Amino acid sequence: MKIVHAASELFPYMKTGGLADAVGALSGSLADNGHEVSVFLPGYRAVLEHKDALGAERKLRLKIEMGPAYLSGDVRVFSPRKNLNVYLICREEYFDRRGAYGNGERDYEDNADRFIFFCKGVVETLRLAELQADIVHSHDWQAALLPLLLREAERRQHLTLALKTIFTIHNIAFQGVFPAKVFARTNLPDELFHIDGLEYYSQINLMKGGILFADRVTTVSPRYAKEIQTAEFGCGLEGVVQTRTDDLVGLLNGVDTAIWNPATDALLPARYSQTNMSGKQVCRAELLKRAGFAPDFKGPVFGIVCRLTEQKGVDLLLANRDFFLKQDCRLVVLGSGDKRMETELEELAAATPKKVALSSKHDESMSHLIEAGADFFLMPSLFEPCGLNQMYSQVYGTIPVVSRVGGLADTVIDADEHADVGTGIMCEPTVASLRQALHRALRLYADKPRLAAVQKHGMARDFSWKAASGAYERLYEEAM
Ligand code: ADP
Ligand code: GLC
């Protein structure tokens, strides 16, 4: 099949979270399976500076209609692996910046224009390069307008650019809602600014466009597919999602084992596997050292790697701060984002420098070291579309402590409820339930044979993209 993906993040070129990992692994896996895959990404500064893109060929010049004006841009292409082309939609004014969405303090004010331009650039490239896609698959609000813009271009110009369009919701909490005046820049017919179109409480909602106009809609776990049809998790779009239930499916992400595998991970000080776990102890000692603790500490080490946002349950953790003060354990946090949460975690680390450490930056190698070196990985999310770190944890023999929501509920098996196959500790997303889960972790840690069994169950699971990408292949075929 000829498969086109469009997204605002792609590992290893631009990443703020799991979207990058998921799009990178899915497109790579489809390419390995012999499909002809093109991935479209904005031409951010970081991508253009990446070694893979240095020789990128300038393939096309673009003239994109944005409201009453035409804006220029160009398209660069490079091929990082067989069967895979990365197309960069470039315009310096929009993408020659350090961040994908903002400057660290706040979002860029022209994000609507940046990503409308991106989607239009994809459509125009499909036309000019005559890619003749079987499937055009777009991800999250930044690429949500693509199915609609594509069909509109086909209608106006009497041509076919793609057989079927797919839209994946990685997180319905981010919808791309902007003031109504932005609608003019889409150049779509006025009747689409309507309750059955892009209009949302007098504003424009880009994700709504993806949900309504793609041929098929997917999200990243079966449980989240159900959750987003409810008021509790739908973030106001539950009614819109409900109109597409027949075309909606939840497909779990996988783990890219070329990058996340303790037996081959080059970012670790030592490697290990189920049959020889000694390397995990080396990683643990290194993690303790890097966090500023004594490397021979014998008690349990808890790790966290996440964007600091409400979603990740950071406040539940902070409300349990006395657990970390009282118990003989260590906590290593890697995360940045919300400034208040960052400050509160800094205060906790300053109050207990011998027990809690915080690193508030994006650090790929530290994220691997935490997955490998910690005994428990904390992920008490309030909601979680899929979540990758709980899967990485299981693969690395690190026991996930997760709340029973979304993809966490679909990928972790509670060790007390299912002693023979359990891989983690599950709780409800509340302060008290997390507290109980933390105490269960202490008890499990004290029972070394059981601890080893739970680790083993996790490491034996197959989270590879083989299964995950197969599910997408079947969806594509079925849609066509
Ligand atoms: P989300 O996409 O909601 O952030 P996921 O669990 O799907 O959550 O994916 C998060 C990804 O981002 C993981 O690969 C995780 O290791 C990575 N990550 C998050 N914060 C950091 C950080 N500060 N440094 C390095 N990697 C991070
Ligand atoms: C989003 C979700 C996360 C998911 C990731 C990749 O960022 O928050 O749960 O794993 O997308 O699909």
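Quick summary incoming for the structure in this document. Computed from a predicted structure; not experimentally measured.

So, on to the side chain of S403. Relative to the assigned elements, S403 resides in strand 17 (residues 399-403). Given a relative accessible area of 0%, S403 falls into the buried group. At 2.4 Å, the side chain of S403 and the backbone oxygen of S381 are in polar contact. Filtering out sequence-adjacent residues up to four positions away, S403 remains in contact with M379, P380, S381, L408, A409, C427, E428 and P429.

Further remarks concern the site of ligand 1. Neighbouring ligand 1 are 21 residues; G18, R307, K312, K361 and L388 lie closest to it. D21 is positioned such that a nitrogen or oxygen atom in its side chain is 2.9 Å from an oxygen atom of ligand 1. One of the side-chain N or O atoms of N389 is found 3.4 Å from an oxygen atom in ligand 1. Burial of ligand 1 by the protein chains amounts to 93% of its free accessible area of 560 Å². Mapped onto the shell around ligand 1, the elements with two or more residues apiece are helix 1 (18-32) and helix 14 (389-395). Here the residues of the shell around ligand 1 sort into six nonpolar, eight polar and seven charged. Counting contributing residues, the shell around ligand 1 receives three or more from each of domain 1 (2-254 + 465-479) and domain 2 (278-459).

Neighbouring ligand 2 are 13 residues; H170, N253, E384, C386 and G387 lie closest to it. Residue Q311 places a side-chain N or O atom 3.1 Å away from an oxygen atom belonging to ligand 2. Measuring from an oxygen atom of ligand 2, one finds a side-chain N or O atom of E384 at 2.5 Å. In isolation ligand 2 offers 310 Å² of accessible surface; the protein chains occlude 94% of this area. Of the residues belonging to the shell around ligand 2, the class tally is five nonpolar, six polar and two charged.

What follows concerns the sheet that holds strand 15 (residues 356-359). Read across the open sheet, the six strands follow the order 15-14-13-16-17-18; overall the sheet is parallel. At either margin of the open sheet sits one strand with a lone partner, and together these are strand 15 and strand 18 (425-427). Averaged over all pairs of adjacent strands, the angle between their axes in this sheet comes to 20°, without regard to strand direction. Inspection of the sheet shows strand 17 paired to strand 18 by three bridges, in the parallel sense. The partner of S403 across the bridge, within strand 18, is C427. Packed on one face of the sheet, helix 13 (residues 364-373) meets strand 13 (301-305), strand 14 (330-334) and strand 16 (376-379) and runs near 150° to strand 14.

With that out of the way, let us pick up helix 16 (residues 431-446). In this model helix 16 runs 23 Å from its N-terminal to its C-terminal C-alpha over 16 residues, within 8% of the 22 Å that 1.5 Å per residue would give. For helix 16, every residue scored as buried is listed here: S433, L434, A437, L438, R440, A441, L442, L444 and Y445.

For the structure shown, the criterion picks out 35 salt bridges. Between E65 and R156 there is a salt bridge; the shortest N-O distance is 3.8 Å. Note that E65 is positioned in strand 3 (residues 57-66) and R156 in helix 5 (residues 146-157), a separation of 91 residues in sequence. Look at R156 and you get partly exposed, because its relative accessible area is 42%. Between E93 and R91 there is a salt bridge, with its nearest N and O atoms 2.4 Å apart. The exposure class of E93 is partly exposed, given its relative accessible area of 44%. The class of R91 is buried, set by a relative accessible area of 17%.

About the thresholds
Residues numbered from 1 in each chain as written. Chains lettered and ligands numbered in written order. Predicted model: local features only at pLDDT ≥ 70, side-chain atom pairs only at ≥ 80, totals over all residues. Heavy atoms only, no water. Helix = DSSP H or I, 4+ residues; strand = E, 2+ residues; numbered from the N terminus. Buried < 20%, exposed > 50% of the residue type's maximum accessible area, 1.4 Å probe, protein only. Polar contact = N/O pair within 3.5 Å; in protein donor to acceptor, adjacent residues only side chain to side chain. Contact = heavy atoms within 4.5 Å. Near = heavy atom within 4 Å. Areas by Shrake-Rupley, 256 points an atom, 1.4 Å probe, with all protein chains shown as cover. Nonpolar A, V, L, I, M, F, W, Y, C, P; charged D, E, K, R; others polar. Domains from an automatic or database assignment. Pairing = 2+ DSSP bridges. Axes fitted to C-alpha atoms, helices over the stretch in contact; angles between N-to-C directions. Expected span 1.5 Å × (residues − 1). Salt bridge = Lys/Arg side-chain N within 4 Å of Asp/Glu carboxyl O.

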